[in-house]
Amino acid sequence: MKVTGLNIHPLKSGRAVPQTAVTVNLDGLAGDRRFMVVEPDGRFITQRELQALAQMEAKRIDGGVHLKMNGDELSACFDPDRRLDVRVWSSDVNAAIADDSVNDALSGWFGRPVKLAHMDEAAERFVGAEWAGSAAPVGFADGFPVLITTTGSLADLNRTLVGKGQEPVGMERFRTNILIDCDEPWAEDLWESLEIGGIVFDLVKPCSRCIMTTQDQTTGERIGGNPIQGLSEKRMSADRRVPGVLFGWNAVPRGEGTVRLGDEATVGGYREERWPMKLRDNA
């Protein structure tokens, strides 16, 4: 098996940026989800409630980030002493916050009051101790440092969607970090770990999917095939710890280094049983 796709998302819920090689740190891929749009009180905002985030491009620059959206653009730099406690799900992070001019401009773009947060060197977030053995460092990702998916599972999902009379979807709908070329659908359910580029990634928790997978990742529109409906056919979790439909696995890197397109991916161990799925009642 080989790595066939690498992506970072500099802005949480913003557009993906394909890579040919990535630096892997203990908290994920360098540059991935280090910036985030938040409510004035610090609560995180995603495409779930602000679909237009899919239209925003973000590029890291010295001291900050450059943002583009619908012909508008701006650069944001961050004063490390200007901070706000922001929240991602149940995690609180003391993050750097952009100045008022940047926040006012973004509020105008989105038509609602927002602020721009940055996971800088002074910010810390640790999650997932119950799954990873010990709490893992992470940026503004929903739950874990890295998301791993496979080509075979997407192909199987698309067969289901086509069988339901819907359009196939691309992997961009799932906002993956590392895509593995593997013909066997759902083989990743049995992988305990992968070694890529000399780095071990422990696959610690399946990823439950939300309404964002139904959205075009360039416009934010809810159009085309509906992955939630397709996954509900045979990927509905039967374990209450991770409810909903599942696609991909959250992973924790156990070392640092570089991963490149074309790198070999080797399974480091296998689970004895697959994650339990509910049987669909076709009666």
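These figures come from a predicted structure and were not determined experimentally.

A. Main features of the nonpolar core. Within the largest apolar cluster, 32 residues are counted, with the highest numbers of intra-cluster contacts made by Ile 148, Ile 178, Ile 180, Ile 196, Phe 201 and Val 259. Every residue in contact with Ile 148, bar those within four places of it in the chain, is listed here: Thr 176, Ile 178, Ile 180, Leu 194, Phe 201, Leu 203, Gly 248, Trp 249 and Ala 251. Among the nonpolar cores identified, the runner-up in size contains 21 residues, and Phe 35, Val 65, Ala 76 and Ala 96 belong to it.

B. Representation of the sheet that holds strand 9 (residues 83-88) within the structure. If you walk across this open sheet you meet the 4 strands as 5-11-10-9, and the pairing is antiparallel. Here the strands that pair on one side only, and so sit at the sheet edges, are strand 5 (35-38) and strand 9. Taking the axes of each pair of neighbouring strands and ignoring which way they run, one obtains an average angle of 50 degrees across the sheet.

C. The arrangement of unusual backbone geometry in detail. The phi angle at Ser 13 is positive, at roughly 75 degrees, despite the residue not being glycine. Position of Ser 13 among the secondary structure elements: in the loop between strand 1 (2-8) and strand 2 (17-18). Classification of Ser 13 as buried rests on a relative accessible area of 3%. The phi angle at Trp 89 is positive, at roughly 55 degrees, despite the residue not being glycine. Mapped onto the fold, Trp 89 is located in the loop between strand 9 and strand 10 (91-97). Owing to a relative accessible area of 46%, Trp 89 belongs among the partly exposed residues under this scheme.

D. Fine view of the packing of aromatic side chains. Per the stated rule, a full pass over the model turns up 6 aromatic pairs. Where Trp 131 meets Trp 275, the ring centres are 6.1 Å apart and the plane angle is 40 degrees; that geometry is what we call tilted. Residue Trp 131 is found in helix 2 (residues 129-132), and its partner Trp 275 is found in the segment after strand 20 (265-270); the two are separated by 144 residues along the sequence. When the ring centre of Trp 186 is taken as origin, the NZ or CZ atom of Arg 235, which lies over that ring, is 4.0 Å away.

E. Just the sheet that holds strand 1, in detail. On the basis of which strands lie adjacent, the open sheet formed by 8 strands has the order 2-1-15-14-18-17-16-20 and mixed pairing. Strands with a single pairing partner mark the edges of an open sheet, and in this sheet they are strand 2 and strand 20. With 6 bridges joining them, strand 17 (residues 199-208) and strand 18 (residues 246-253) adopt antiparallel strand pairing. What sits directly across from Asp 202, in strand 18, is Val 252. Contacts from helix 3 (residues 151-163) reach strand 1, strand 14 (146-150), strand 15 (178-181) and strand 18, with the element oriented near 60 degrees to strand 14.

F. Here's a closer look at the pairing of strand 6 (residues 57-61). Here 5 bridges tie strand 6 to strand 7 (residues 64-69), and the two strands are oriented antiparallel to one another. Paired with Glu 57 across the strands is Lys 68, a residue of strand 7. Here strand 6 folds back onto strand 7 in antiparallel fashion, the turn holding 2 residues, of which Gly 63 has a positive phi close to 80 degrees.

What counts and what doesn't
Residues numbered from 1 in each chain as written. Predicted model: local features only at pLDDT ≥ 70, side-chain atom pairs only at ≥ 80, totals over all residues. Heavy atoms only, no water. Core = buried A, V, L, I, M, F, W, Y, C linked by side-chain atoms within 4.5 Å. Buried < 20%, exposed > 50% of the residue type's maximum accessible area, 1.4 Å probe, protein only. Contact = heavy atoms within 4.5 Å. Pairing = 2+ DSSP bridges. Helix = DSSP H or I, 4+ residues; strand = E, 2+ residues; numbered from the N terminus. Axes fitted to C-alpha atoms, helices over the stretch in contact; angles between N-to-C directions. Phe/Tyr/Trp six-rings, centres within 6.5 Å; stacked < 30°, edge-to-face > 60°. Lys NZ or Arg CZ within 6 Å of the ring centre and 35° of its normal.

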